[in-house]
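Geometric and topological summary
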Amino acid sequence: MYGKIHEIYSSISGEGISQGIPTVFVRFAGCSLRCGKTDTKQLWCDTPYALGPNQGESKSFEAIIKEIEGLDKDHGFQILLTGGEPLEGKNREVSTSIAQHIFTYRTREGKPYPAPRVETNGSEKITLDSFFIFTMDYKLPGSGMENRMDLENFQILEKRHNSLDEIKFVVRDRIDFERSIEVIREQKIQTNILYSPVHGEVDAKELVEWIKIDNPPKCRLSLQIHKVLWGNQKGV
Ligand code: SF4
């Protein structure tokens, strides 16, 4: 079993409810979405270097586990499966095996963060499996990708009832924010909600004012701490 891997490295989690936790990142290559790209606007993807499947190296499940364990010998780090898209195509099978393996070992040995967190783009079906924690994007109109969202994922998140799951809205403008409020109401979302501004397009302070007025349940502003610490660098 092989996955297309762009990079594996350790740092701290940059965003969301796990922000600041020491983390091993497994970045898969390959994502069929192209967020933010319109006739007049640029792609806003943070990882354009990992969008094509050929931007990764084929690595076996065993090799990936060995690299993870090399970076986290005591099994004390959170494991984050990200991309690209870790659930797209053949990456899904490898992500599932990694998560099952880590969850089984850490549960048996009483280690922290047993279930790896998966950052997924909302177009791939998530699962009820307890060996995964999900950070699931919902792509708003400004991304041009809203029609790719799998709405059944909201029912799955509700059934999972996992207090560590989160939904991320990346907001380009006021229209996006208003749409997010509609989605939260329509889908009766109970999961943790993250709001992130598109860099250079909406001021985070303005987004805070919008959040204060509507204040959807369990929501928070989520800025990317790794960019504050290291700027727009790769592998940190
Ligand atoms: S889904 Fe994620 S990886 Fe894919 S284009 Fe959008 S931001 Fe980039």
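First things first, this report covers the structure right here in the doc. A quick note: this is a predicted structure, and the numbers were derived from the prediction, not measured. (Residues numbered from 1 in each chain as written. Predicted model: local features only at pLDDT ≥ 70, side-chain atom pairs only at ≥ 80, totals over all residues.)

A few words on the site of the ligand. In the neighbourhood of the ligand, the contacting residues comprise Cys-31, Leu-33, Arg-34, Cys-35, Cys-45, Thr-47, Leu-51, Gly-83, Gly-84, Glu-85 and Asn-121. Residue classes in the shell around the ligand are distributed as five nonpolar, four polar and two charged. (Near = placed C-beta within 6 Å. Nonpolar A, V, L, I, M, F, W, Y, C, P; charged D, E, K, R; others polar.)

A separate point is helix H4 (residues 174-186). Spanning 13 residues, H4 covers 18 Å between terminal C-alpha atoms, matching the ideal 18 Å at 1.5 Å per step. Along H4, the residues classified as buried are Asp-176, Phe-177, Ser-180, Val-183 and Ile-184. Each buried residue of H4 lies within a common arc of 120 degrees when the element is viewed along its axis, so the set occupies one face. Away from its buried face, by an angle of more than 90 degrees, H4 presents the exposed residues Ile-175, Glu-182, Arg-185 and Glu-186. Among the structural elements, strand E7 (166-171), strand E8 (192-197) and helix H5 (204-214) are those in contact with the buried residues of H4. (Helix = DSSP H or I, 4+ residues; strand = E, 2+ residues; numbered from the N terminus. Expected span 1.5 Å × (residues − 1). Buried ≥ 20, exposed ≤ 12 C-beta atoms within 10 Å, placed from the backbone. Arc of directions from axis to C-beta. Contact = placed C-beta atoms within 7 Å.)

Moving on, we get to unusual backbone geometry. Cis rather than trans, the peptide bond between Gly-83 and Gly-84 has omega equal to 15 degrees. Checked against the element boundaries, Gly-84 lands in the loop between strand E4 (78-82) and helix H2 (91-109). Backbone geometry at His-75 places phi at a positive 55 degrees, although glycine is not the residue there. Of note, His-75 is situated in the loop between helix H1 (61-71) and E4. At Tyr-113, a position not held by glycine, the phi torsion is positive, near 50 degrees. With respect to the element layout, Tyr-113 can be found in the loop between H2 and strand E5 (117-120). Residue Tyr-113 is classed as buried on the basis of its C-beta count, with 23 C-beta atoms lying within 10 Å.

What follows concerns the sheet that holds E4. The nine strands are arranged E3-E1-E2-E4-E5-E6-E7-E8-E9 in an open sheet whose pairing can be described as mixed. In the strand order of this sheet, the two ends are held by strand E3 (57-60) and strand E9 (219-221), each with one partner. Strand-to-strand twist across the sheet, computed as the mean angle between neighbouring axes with direction ignored, equals 30 degrees. In terms of strand pairing, E7 meets E8 through six bridges, oriented parallel. Note that in E8 the partner of Val-171 across the bridge is Pro-197. (Pairing = 2+ DSSP bridges. Axes fitted to C-alpha atoms, helices over the stretch in contact; angles between N-to-C directions.)

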